[in-house]
Each structure stands twice: as structure tokens, then as C-alpha cells.
Amino acid sequence: MEDIIEIAKRVLRIEAGAISALEYKLDVSFEKAVEVIFKSKGRVVVTGMGKSGLVGKKIAATLASTGTPAFFLHPAEASHGDLGMVTSDDVVIAISNSGDTEEIVSLMPFLKRFNVTLISITGNPGSVLSREADLNIDVSVKEEACPLGIVPTASTTATMAMGDALAVALLQKRGFKEEDFAFFHPGGSLGKKLFIKVKDLMHTGDALPVVPPDVSMTDAVMVISSKRLGMTTVAGTDNKLLGILTDGDLRRGIQKWGKAFFDMKAGEVMSRNPKTISEDELAAKALSIMESHSITSLVVSDEEGRPKGIIHLHDILKKGIV
């Protein structure tokens, strides 16, 4: 029996070759398909049966998440009432490797009646679907990766890749940006990076550690311990930020001054000119500052330089902003 790894390598080679060959099949039909979808006032309705249907669901999802409204229509359900979801402003993408899938072909008279633009994605340019469609995109493959030559493998891979090509071409034509993608993915890591701000995570009010510069280090240590942020801000009588005291400052102070350290004042030990950030900045930017300076927290200050909050590395990581 053929070695398992060799079987896998052969499958990957065949499927990679199928995708590479698509480059030479791209023609004016692809360009027109992109233009038609771009100018459409409706949605893209993707339909397909069996494995082609599964690929169609992915293509519809990719289009929808990149700025092109789209949904999947099951061809068998379409003839039992779901055709009511299709309007004359829509564009239909019908997927069939053979181009003669009965459930797809049977829909064509109804789609023509709606006067919708029909784009076919087939592996047989001479098929009924290819001939009757307004535009046909050729995804034919030399061979399937299956040794029997009947299991949809290379053909479905090629179709999915062509769907991605359509989505990306439309994405760029629309000027779709990272912020737009995040808008459709508020629960994903990108959405978190682009929508969660410092003010959403910072510790404020009673949770904000603040001591005056003339407080003893003994009392300052108590504040640091009670607030559980590993630091405290040091502010003057006008509430302006003068500096910060961190766990690191405590360790270094004890090493340098010994017992006398606890009789010193916060203003004598504090680190001056600490890194700060505005509450309206993205939490992702706060994380970047922390990483670049090897620190675990930032003081959130207002326009007058007064400490308003603290944002801690752990709060950012808990939100999955990495």
C-alpha cells in the first residue's frame, strides 16, 4: 500500500496545481462578473447542490464579511418557496462542477423570469448552465485528487479559490478597509483591536491608586497593595501627575536604601515622566506601548495632565486583544 504521507503529498500537489491553473482561465467573464456584482443594488444569491453547495455557503459568507451583501440559497428549497427571497436587483451565482445539476438547471427558467443576472461557476464550459448563464467562470480541473476520479476534491478546492478571488477583487474595488472588516466582526480579535478603547478597560474612581508626593513610603506601599495594580500614581495638590511608584521601584528602593526606604517620601522615590495614554485611544495602542517599554500598566491622563485611570496589561489580555 502506498505510504500515507505520499498519498497526502500527491493530493496536495494535485489541488495546488488545480488552483495554479485557474490563473490562466481568468478572462473577461471574471472582470464582468466583478463589475456586475459591484454595480448591483441588490444582494448576491449563491446556490449549489451537494459539495458545491457547501462551497457556495463559504463563498457567500466571505462575500458578506467583506462588504458584498450575500446569502446562500439551497436549490431544492428554492423551488419550494425560497425563491421568494430573490429580487430582480440581485445577482445569482450558481455553482455546479458538471454544469448539469438537475436542481440548479430547473431553477433557470424562474431566474430568467426574475430578470436577474446569472453567473455560473462550472467545471464544464459546454454545459447547460454555462451556456444559459449571462456569464460563466471556468473552474475546470485536469483531475480530481481522488484516485477514483469521482470524489469532489480538486474541483471544490478550485471553486472555493475562485470564490475568494471574486471576494477579494470586490473588496479592493470597494476600498474595503480593516475597520470595515472589524465592523462585521465585532466579536473577533480584529473587532476587539479596533473597537475597544482605553476608557472601556481602565480602572477609575476608588480603584485608581493616588498618593501625594509627601506621603511616607510605608503608606504608599499600603496603597499599592490595596489597589492590586502593582503601582500607584503620585499627584500634587493640583492633582497634576508627578510620577508613579511601581513594584519595581519598591524592590530597587529597598536594595538601595534598606530600612531607611520606608521613612522616605513618595516624591523622593517615584519614577518621573511616566508613560501615559488618553482614554480615547485604542486598547491595542496601549498594549503596543506596554510591549515596547516592557511595562505592565499605563496612566490614563486627561488634557490637563491629571491621572484619570490606570489600564493594566492583564485587563487587555483578558479581552483577547493580542
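Scroll up to find the structure this text is about.
Positions within a chain are numbered from 1, following the residues in the order the chain's sequence is written. Restriction of local features to residues with pLDDT of at least 70 applies here, the model being predicted, together with a cutoff of 80 or more for giving and counting side-chain atom pairs; totals for whole chains, interfaces and linings are based on all residues. For the side-chain quantities, the full set of heavy atoms in the structure was used; hydrogens and water were omitted.

A. Quick look at the pairing of strand β4 (residues 117-122). Whether a residue is buried, partly exposed or exposed follows from its accessible area with a 1.4 Å probe, protein chains only, as a fraction of its type maximum: under 20%, in between, or over 50%, in that order. Secondary structure is summarised from DSSP: a helix means a run of H or I of at least four residues, a strand means a run of E of at least two, and numbering begins at the N terminus for each. Burial within β4 is extensive, with five of its six residues counted as buried. In this scheme, strands are said to pair when DSSP sees at least two bridges between them. Across six bridges, strand β3 (residues 91-96) lies against β4 in parallel orientation. Each bridged residue has a counterpart across the sheet, and for valine 91 the counterpart in β4 is threonine 117. Of the strand pairs in this sheet, β4 and strand β5 (residues 135-138) are connected by four bridges, and their pairing is parallel. Following the sheet pairing, isoleucine 119 is matched in β5 by leucine 135.

B. Structural context of the pairing of strand β2 (residues 70-73). Of the two faces of β2, the one holding Ala70 and Phe72 and the one holding Phe71 and Leu73 are both buried throughout. As paired strands, strand β1 (residues 44-48) and β2 are joined by four bridges and run parallel to one another. Bridging from a neighbouring strand, valine 46 pairs with phenylalanine 72 of β2. A crossover counts as right-handed when, viewed with the strands pointing away from the observer, the path leading from the first strand over the helix to the second turns clockwise. Each parallel crossover has a hand, and for β1 linked through helix α3 (residues 51-65) to β2 it is right-handed.

It is worth stressing that arrangement in space is one thing and function is another; only the former is reported here.
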